[in-house]
Amino acid sequence: MSPQPQAAVGAPLSRVDGRLKVTGKALYAAEHDVDGAVHAVIVDAAIGRGRITGIDTRTAEAQQGVLKVIHHRNAPKLPYRDNSGSNNPEGRRLRVFQDDRVRFHGQPVAVVVATTLEAAQHGASLVKVRYDAEQPSTDLTGAEPDEPTRYARGDAEAALRAAAVGLDLTYRTARNHHNPMEPHATIASWDGNRLTVWDKTQWVVGTQTELAAVFGLEMDAVRVISPFVGGGFGTALRCWPHVVVAALAARESKRPVKLVLSRKQMYFGTGFRPSYEYRLRLGSDRRGRLSAAVHEVDAETSSYEKFTESILAAGQMLYSMPNVRQRYRTVPLNLPTPLYMRGPGFQTASFVIESAMDELAHKLGIDPIELRRRNEPSEDESKGVPFSTRRLRECYTVGAREFGWHRRNPKPRATREGDWLIGRGMAAGVYDTSRMPAQARARLDADGTAVVEAAATDMGPGTYTSQTQVAADALGLTMRAVTFRLGDSLYPQTPPHGGSMTMASVGSAVLDACNQVRRQAIDLAVQDRESPLYGVPADDVVVRNGRLHRKSNPARGETYARLLARNDRAHLEAGGSFAPPSGPERHSFYGYNATFAEVAVDAALGLVRVRRMLGVYDAGRIISPKLADSQAIGGMVGGIGTALLEHTVTDHRDGRIVNANLADYLVPVNADVPDLKAIYLDGEDREADPLGVKGLGELVMIGVAPAIANAVFNATGRRIRELPITAEALL
């Protein structure tokens, strides 16, 4: 088949769902109108560890409108069967209302179901719970770690001893919470033994699988609907306990139940980016050629699940180095289970590695970009395979030129404007190009319009729009003629909407489905004696604006609508799929960036202000430049938050989160982000997937925090080894 003209892909188009969102017609999880729905409010544990010794619900149950109070003493025992397809692969979950154990502060210990939200909230405040409290363990530095994960190549210890230059640095990063605009919410409704939930989720199939496992149902007995997600950043990548609570409350009360977490409850009812302590020892010669690195990493996890993320990968492949040793330990604590947060693992590793590289460059008197250039690998040394693409050198060159890097004075505290110290810094970034099996379905109707479906979700990056672009070009239709549907477990299965894998995975499945439908139409036309295209080689037929025509003679052709009507076809339909090649990968797949930052630091007060930032990205083919810019700016904003503001604070006496609100947990506002710019290298990665994309959503946040920290050093001469950067650290 001839390649299709690309009219939609690559064009800076506005979001197809934009009008629905700005007019309030887009329905989020809590906004669906389910007939007869009542309300549920969770009662949270007031201790960080211990047992429930008594629970008094009589006053709550006596309140007008309260229908039921459910807790471990009256809840049915749920199957919680092991399910390898679950979004909790180890099969260990927080089994709500199944025993008297309290494992963290805020754990659900009861739920009140009532006819109104106000009655449910009041009833929850009247539930009296007695505890046998124990001292919780919530401090990363004071608990016993799990057995470590290890990696090694060469002899790192011997190489460090022999190194002409060495660094031994310890970094600490704060726990971060996702804080999307939309709170987590679930509406659950039973029809006999069939369960339907309207849920805030980034993985409808994962939530479907988890609920089936918890309630002992077949997969097709659970339907999950999630057409719009008001921000996620990873927080909705798994089925949290409140979803199970809502379904249980609906079954026990025999009414549809709506449960919405409060902003406070989102700090302990869902996950978070774990706190890390990360020691890095680095060795090089006097010209800056790296010889060895030892990474020793400790990270938070919960006492009932082991959470890990890709914290080690960057240290294995970002720079050429013959000797590497890594140790990664999780530390079980009385906390809810952490979860992936934008740029998981790589975000934290980049702060450590890129800050250390800047420190080494300063110590050697080498420009930070030049030091990185001297350590560019020719292949992925952790796997012994070539990179599919790697244009990090070009990112440095373009970024340095556009940012004006040559104007940077390498001497700290050398540039000043009044009371403000000015500094410039940069960092490299890398993120795994993730791809997973995905399916899609496309239908071309007799009127020349098309419907494409996949069980993906859209938490904001623009899945509706980007998938419509791919489908429109593959079918040869205008954007207006294509409807893309997502967010329903009845649609073909897709992987989680996270890890920057949606475009590569779902997009490739959509491309396959639409290509098949177009091929069906072309085959129908060239075999139809009444068609102007009869007998034309199929490879010489393309479709534009719903019209099939000969590539070498555009005047010879006909529309989809005419072709299908003449052949009495109501529609053409095909299922598409994508899966990465099985077996050992022949290439190493990553996206790359170079991030540049300029900061101003008040010399007297230690306040840091980001003045401008630039990101240059090697992210393969850009499907939608307008959406890409939205992602890049959002990623930079998130990185500014990590670097300067975000810090979840725990009272170690009882495990309570002290700043569980948006007044005390600080996130960037418009005044914090004055000048942000993104540049994308033109190219594609056909080794990765048929679309040639790499994924962008995670990559754009990685490298932001170390670029800011390195700029702060250039401004002040103070090295930053703990996030967020506080005024106290600079005074």
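Just above, that's the structure.
Residues numbered from 1 in each chain as written. Predicted model: local features only at pLDDT ≥ 70, side-chain atom pairs only at ≥ 80, totals over all residues. Heavy atoms only, no water.

## Re the pattern of salt bridges
Following the criterion strictly, the structure yields 42 salt bridges and no others. Put simply, Glu-585 and Arg-435 hold a salt bridge, and the shortest N to O gap is 3.4 Å. In this pair, Glu-585 sits in the loop between β24 (571-578) and β25 (590-602) while Arg-435 sits in the loop between β17 (420-432) and β18 (438-445), placing the two residues 150 residues apart along the sequence. Judged by relative accessible area, which is 37%, Glu-585 ranks as partly exposed. Residue classification places Arg-435 among the buried positions, given a relative accessible area of 11%. Via salt bridges that share partners, Glu-417, Arg-424, Glu-598, Arg-611 and Arg-612 belong to a single interconnected network. (Salt bridge = Lys/Arg side-chain N within 4 Å of Asp/Glu carboxyl O. Helix = DSSP H or I, 4+ residues; strand = E, 2+ residues; numbered from the N terminus. Buried < 20%, exposed > 50% of the residue type's maximum accessible area, 1.4 Å probe, protein only.)

## Digging into the sheet that holds strand β3 (residues 66-71)
Strand order in the open sheet formed by seven strands is β3-β5-β1-β12-β9-β10-β11, with mixed pairing between adjacent strands. The sheet is open, and its two edges are formed by β3 and β11 (222-225), each paired on a single side. Between one strand and the next, the sheet's axes are offset by a mean angle of 20°, whatever the strand orientation. Here strand β9 (residues 185-191) runs beside strand β12 (residues 257-260); their pairing, made up of four bridges, is antiparallel. Residue Ala-185 lies in a different strand from β12, and its bridge partner there is Val-260. Packed onto the sheet, helix α5 (residues 204-215) meets β9, β10 (194-199) and β11 and runs at close to 145° relative to β11. (Pairing = 2+ DSSP bridges. Axes fitted to C-alpha atoms, helices over the stretch in contact; angles between N-to-C directions. Contact = heavy atoms within 4.5 Å.)

## Notes on the packing of helix α9 (residues 346-364) against helix α16 (residues 704-716)
In the contact formed by α9 and α16, the axes pass within 8 Å of each other and the chain directions differ by 30°. In this view, α9 runs roughly parallel relative to α16, as classed from their interaxial angle. In this structure, α9 crosses over α16, and the sense of that crossing is right-handed. Contacts from Ser-350, Phe-351, Glu-354, Ser-355, Asp-358 and His-362 in α9 reach Ala-705, Pro-706, Ala-709, Asn-710 and Phe-713 in α16. Considering only residue class, the contact of α9 with α16 consists of five nonpolar, four polar and two charged. (Parallel < 35°, antiparallel > 145°, perpendicular 65-115°, else oblique. Left-handed = near helix turned anticlockwise from the far one by under 90°. Nonpolar A, V, L, I, M, F, W, Y, C, P; charged D, E, K, R; others polar.)

## Here's the deal with the sheet that holds strand β16 (residues 416-417)
Working definition: the strands of a sheet are paired by backbone hydrogen bonds and lie parallel or antiparallel to each other. If you walk across this open sheet you meet the five strands as β16-β17-β25-β26-β29, and the pairing is mixed. Every other strand in the sheet has two partners, leaving β16 and β29 (676-680) as the edge strands with one partner each. Most of the contacts of helix α11 (residues 392-403) go to β25, to which it runs at about 30°, and overall it touches β17, β25, β26 (608-618) and β29. Relative to the sheet, helix α15 (residues 625-644) contacts β26 and β29, its axis offset from that of β29 by approximately 130°.

## Overview of the packing of helix α12 (residues 463-475) against helix α13 (residues 502-527)
In the contact formed by α12 and α13, the axes pass within 8 Å of each other and the chain directions differ by 30°. Judged on the interaxial angle alone, α13 and α12 are roughly parallel. As for how α12 packs across α13, the hand of that crossing is right-handed. The segment α12 lies against α13, with Thr-463, Ser-466, Gln-467, Val-470, Ala-471, Ala-474 and Leu-475 engaging Thr-502, Met-503, Val-506, Gly-507, Val-510, Leu-511, Cys-514, Asn-515, Val-517 and Arg-518. Tallied by class, residues from the contact of α12 with α13 come to 10 nonpolar, six polar and one charged.

## Thoughts on α16
For α16, spanning 13 residues, the distance from its first C-alpha to its last is 18 Å, which sits close to the expected 18 Å at 1.5 Å a residue. Most of α16 sits inside the fold, with 13 of its 13 residues counted as buried. At the exit of α16 stands Gly-717, carrying a positive phi of roughly 80°. (Expected span 1.5 Å × (residues − 1).)

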